[in-house]
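# Chain and residue survey
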Amino acid sequence: MVTNPALVNMFCPEPFPEVEACRVEGRGSQTIVSDLDGTLLRSRSAFPYFMLVAFEAGSALRSILLLLLSPLIWILYNFFSETAGIKMLIFLSCAGLEASVIESVARGVLPKFYLEDMHSVSYRVFLSCGKRYVVTANPRIMVEHFLKEHLDVEAVMGTELQISQSGYATGFVTGLGVLVGANKERAVKKYFSDDLPDVALGDSVSDYPFMALCKEAYFVPSFKVVTPVPRSAYLKPLIFHDGRLVCRPTPLVSLVIVLWAPIGIVLAITRMIVATSTPIWLALPINAMLGVCVRVKGIPPTCGQMSGKRGILFVCSHRTLLDPIFLSIAVRRRVTAVTYSISRLSEVLSPIRTVRLTRCRTTDATTMLKLLEEGDLAVCPEGTTCREPYLLRFSSLFAELTDQIVPVTMNIKMTMFHGTTARGWKGLDPFFFLMNPCPKYEVTFLEQLPPEMTCSSGKSSHDVANYVQRVLAVSLGFQCTDLTRRDKYRVLAGNDGIVPDPNSKVRNRFMGC
């Protein structure tokens, strides 16, 4: 049994061995309990995650207020009371928000940032144990989904938010209060009773009380630089995530974003006005002048109708709503795009023609055949966007329409804002993309499908679609999946991506990209 930290001399603040000394072999039958911030996560500050809740579940004004008060919170936390500092963070970020909205952010936004901040040494020790538990000062509603889904945690002991009868967070805490110091010890005792965990991990003096309860305890030092957990080591691959912010919003990053936002808004409006009023063949150099980098690889094919044939069908991987526009810029002519229920604002502002599909196979096939008779056509058979290096399952409809199929890879790079969303208003997707200081689009044209790989040679439409998916994945260095739009919305929004159609009492309208 480890030494009780209460008996440790004040000049010996670390009575436990460091986590690097913990062996990982033979722990499959053992139980471990760990702190989160500074222990399983490299960062000891929970500010970025509260900022994400304030921005994504609340508003820009709430996040600015949290940023302005962050120096006061830091002083309060470090020099007066950890509990008071955390209570202030909770109140500013959560007060007045619907609990369901906070849960939605915890499900769709936070996991990506938590995974990127994982402490590789603690992570290895934590996963070596058969049963895993976490005790944390963070609100349980914020961390529980991530810990259970991505770390296979059995249970989470966290600070409980007070939720009103109408389902809104009051900003106050209930139960044992903020789980710091002795409250963590009480929570562990209450949950485990006499069957206490075998191993404990912590990073601060306030963790010592619960660490002393366990047979073994290890300290995670904050002064050592530790590499993050590589993506290949994730228990569960991160394929879907939501939210507008690209980087983890530390106080400094948040300040940069706030200072850039007015400039970005003006720049985005300017870029959109120029895009809608400029001839498409001039768009490439003008975009470069405005800071939008467009890189074209491969040889863009000439218009299919020039040879008296149907138009060319461009089959694209899907990264943002702007994919068909940048395809048109790359080929220097306007290419019609078929879409699934994009916002009216996006349709009005689009410099190219967009045609809505219904997800009724027969109707959509007729529509697309007619469009191919008129000229070139762009389609994204994934049906929705994916931010990570994965391709979703391809709809096979495109393969049945023509043999003139040109696969096109789309890839993007953003530094501040994501140009896609599952929870927010999709009409702002292009706007957020263009608010980035120097957004980059890479368009790569691959070889047209050979006749023997099309339906005219006897291949089934599913075989052709799977072949095109593999070709695009190899070119991008991505991984093929069998996931669909429905899987994405179930993960990020907790629904199937279907909303009621205001123009019909019978049919449903599907969410777009």
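Analysis parameters
- Residues numbered from 1 in each chain as written.
- Predicted model: local features only at pLDDT ≥ 70, side-chain atom pairs only at ≥ 80, totals over all residues.
- Heavy atoms only, no water.
- UniProt positions renumbered as here; feature names shortened; annotations may be inferred.
- Helix = DSSP H or I, 4+ residues; strand = E, 2+ residues; numbered from the N terminus.
- Contact = heavy atoms within 4.5 Å.
- 1 Å grid on protein atoms, 1.4 Å probe; cavity = no way out; pocket = protein on both sides within 12 Å on 5 of 7 lines; lining within 4 Å.
- Points joined across faces, edges and corners; volume = space filled by probe spheres on them.
- Nonpolar A, V, L, I, M, F, W, Y, C, P; charged D, E, K, R; others polar.
- Core = buried A, V, L, I, M, F, W, Y, C linked by side-chain atoms within 4.5 Å.
- Buried < 20%, exposed > 50% of the residue type's maximum accessible area, 1.4 Å probe, protein only.
- Arc of directions from axis to C-beta.
- Phe/Tyr/Trp six-rings, centres within 6.5 Å; stacked < 30°, edge-to-face > 60°.
- Salt bridge = Lys/Arg side-chain N within 4 Å of Asp/Glu carboxyl O.

The protein has the name Phospholipid/glycerol acyltransferase domain-containing protein in an unreviewed UniProt entry, where Ceratodon purpureus is given as its organism. Of the protein, the UniProt comment under Sequence similarities (unreviewed entry) reads exactly: "Belongs to the GPAT/DAPAT family." If you open the UniProt record of the protein and go to Subcellular location (unreviewed entry), you find "Membrane".

Its place among the elements puts Gly 202 in strand S5 (residues 199-202). Between the alpha carbons of Gly 202 and Asp 35 there is a distance of 5.3 Å; along the sequence they are 167 residues apart. In this structure, Gly 202 is in contact with Asp 35, Thr 39, Asp 207, Met 211, Tyr 218, Phe 219 and Val 220, ignoring residues within four places of it in sequence.

Next up on the list: empty space enclosed by the protein. Across all of its chains, the model carries three cavities of 30 Å³ or more by this definition. Roughly 560 Å³ of internal volume is contained in the largest cavity. Along the walls of the largest cavity sit 40 residues, with Leu 321, Leu 322, Ile 325, Ser 350 and Pro 351 positioned nearest its centre. Elements that contribute at least two residues to the lining of the largest cavity include exactly helix H12 (251-277), helix H13 (283-289), helix H14 (323-331), strand S9 (336-339), helix H15 (344-349) and helix H17 (429-434). At five residues, H12 tops the list of elements feeding residues into the lining of the largest cavity. Here the residues of the lining of the largest cavity sort into 29 nonpolar, 10 polar and one charged. Volume-wise, the second largest cavity comes out at about 80 Å³. Taken together, Ile 239, Phe 240, His 241, Asp 242, Thr 385, Cys 386, Arg 387, Thr 420, Thr 421, Ala 422, Lys 488 and Leu 492 make up the lining of the second largest cavity. Partitioned by chemical class, the residues of the lining of the second largest cavity number five nonpolar, four polar and three charged.

Before going further, it helps to spend a moment on the nonpolar core. With 104 residues, the main nonpolar core has Met 142, Phe 314 and Leu 327 as its most contacted residues. Those residues in contact with Leu 327 that sit more than four places away from it in its chain are Phe 314, Cys 316, Val 335, Ala 378, Val 408, Met 410 and Phe 445.

Turning to helix H10 (residues 182-192), its buried residues number three or more, namely Asn 183, Lys 184, Ala 187, Val 188 and Phe 192. Viewed end-on, H10 has its buried residues packed into an arc of 150°, placing them on one side of the element. Backbone geometry just after H10 places Ser 193 at a positive phi near 60°.

What the rule picks out here adds up to 14 aromatic pairs. Their ring planes at 70° and their centres at 6.1 Å tell us that Phe 314 and Phe 445 sit as a pair that is edge-to-face. Of this pair, Phe 314 sits in strand S8 (residues 313-316) while Phe 445 sits in strand S14 (residues 440-445), and the two are 131 residues apart along the sequence. This pair shows no difference in class: Phe 314 is buried, exactly as Phe 445 is. Measuring from centroid to centroid gives 6.3 Å for Phe 326 and Phe 433, while their planes differ by 75°, and the two rings are edge-to-face. Within this pair, whereas Phe 326 is found in helix H14, its partner Phe 433 is found in helix H17, the two being separated by 107 residues in sequence.

It is worth spelling out the pattern of salt bridges at this point. Side-chain pairs of opposite charge can arise whenever the charged atoms involved come near each other. Inspection of the entire model under this criterion finds 23 salt bridges. Close ionic contact of Lys 184 with Asp 35 constitutes a salt bridge, the shortest N to O distance being 2.9 Å. Taken together, the residues span a long stretch of sequence, with Lys 184 in helix H10 and Asp 35 in the loop between strand S1 (31-34) and helix H1 (36-40) at a distance of 149 residues. Pair check on accessibility: Lys 184 and Asp 35 agree, each one buried. A salt bridge links Glu 442 to Arg 295; the nearest nitrogen and oxygen atoms lie 3.9 Å apart. Placement of the pair is Glu 442 in strand S14 and Arg 295 in strand S7 (residues 293-297), with a sequence separation of 147 residues. Of the residues examined, Glu 442 reaches a relative accessible area of 23% and is grouped as partly exposed. Through salt bridges with shared partners, one network takes in Arg 140, Glu 144, Lys 148 and Glu 160.

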